[in-house]
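# Geometric and topological summary
These are the residues of each chain, in order.
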Amino acid sequence: MNFQLNLIKDKVEFFEADSLKKLENQIQIQIEANEAILLGVHAVSHQMHVDEHGRRFYSAVVHFKAR
């Protein structure tokens, strides 16, 4: 039996929520999970959209890289 480990070097994750607080919580949970596999935050990009009914919609892209 041959056992081989491949390290993750880059990972991009997408998040969306209807409030900024929920979006921050989602990202923080994933940051902690990715730290366990030795990935740190490299870059964050975020946007807010307002629909025709005035509701706000938040999204973010987080790029994780190996430390």
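So, here is what we can say about the structure in this document. (Residues numbered from 1 in each chain as written. Predicted model: local features only at pLDDT ≥ 70, side-chain atom pairs only at ≥ 80, totals over all residues. Heavy atoms only, no water.)

## Quick look at the pattern of salt bridges
Under the criterion given, the structure shown has four salt bridges. The salt bridge partner of K11 is E13, with a shortest N-O separation of 3.1 Å. A salt bridge links K22 to D18; its shortest N-O distance comes to 3.2 Å. Given the relative accessible area of 45%, K22 is considered partly exposed. (Salt bridge = Lys/Arg side-chain N within 4 Å of Asp/Glu carboxyl O. Buried < 20%, exposed > 50% of the residue type's maximum accessible area, 1.4 Å probe, protein only.)

## Here's the deal with the sheet that holds strand β2 (residues 39-50)
Ordered by their spatial adjacency, three strands build an open sheet running β1-β3-β2, and the pairing between neighbours is antiparallel. Edge strands, defined here as strands with exactly one partner in the open sheet, are β1 (10-17) and β2. Taking the axes of each pair of neighbouring strands and ignoring which way they run, one obtains an average angle of 15 degrees across the sheet. Pairing of β2 with strand β3 (residues 56-66) involves 11 bridges; the strand directions are antiparallel. Paired with L39 across the bridge in β3 is A66. Relative to β1, helix α1 (residues 20-35) is tilted by about 155 degrees, and along the sheet it contacts β1, β2 and β3. (Pairing = 2+ DSSP bridges. Helix = DSSP H or I, 4+ residues; strand = E, 2+ residues; numbered from the N terminus. Axes fitted to C-alpha atoms, helices over the stretch in contact; angles between N-to-C directions. Contact = heavy atoms within 4.5 Å.)

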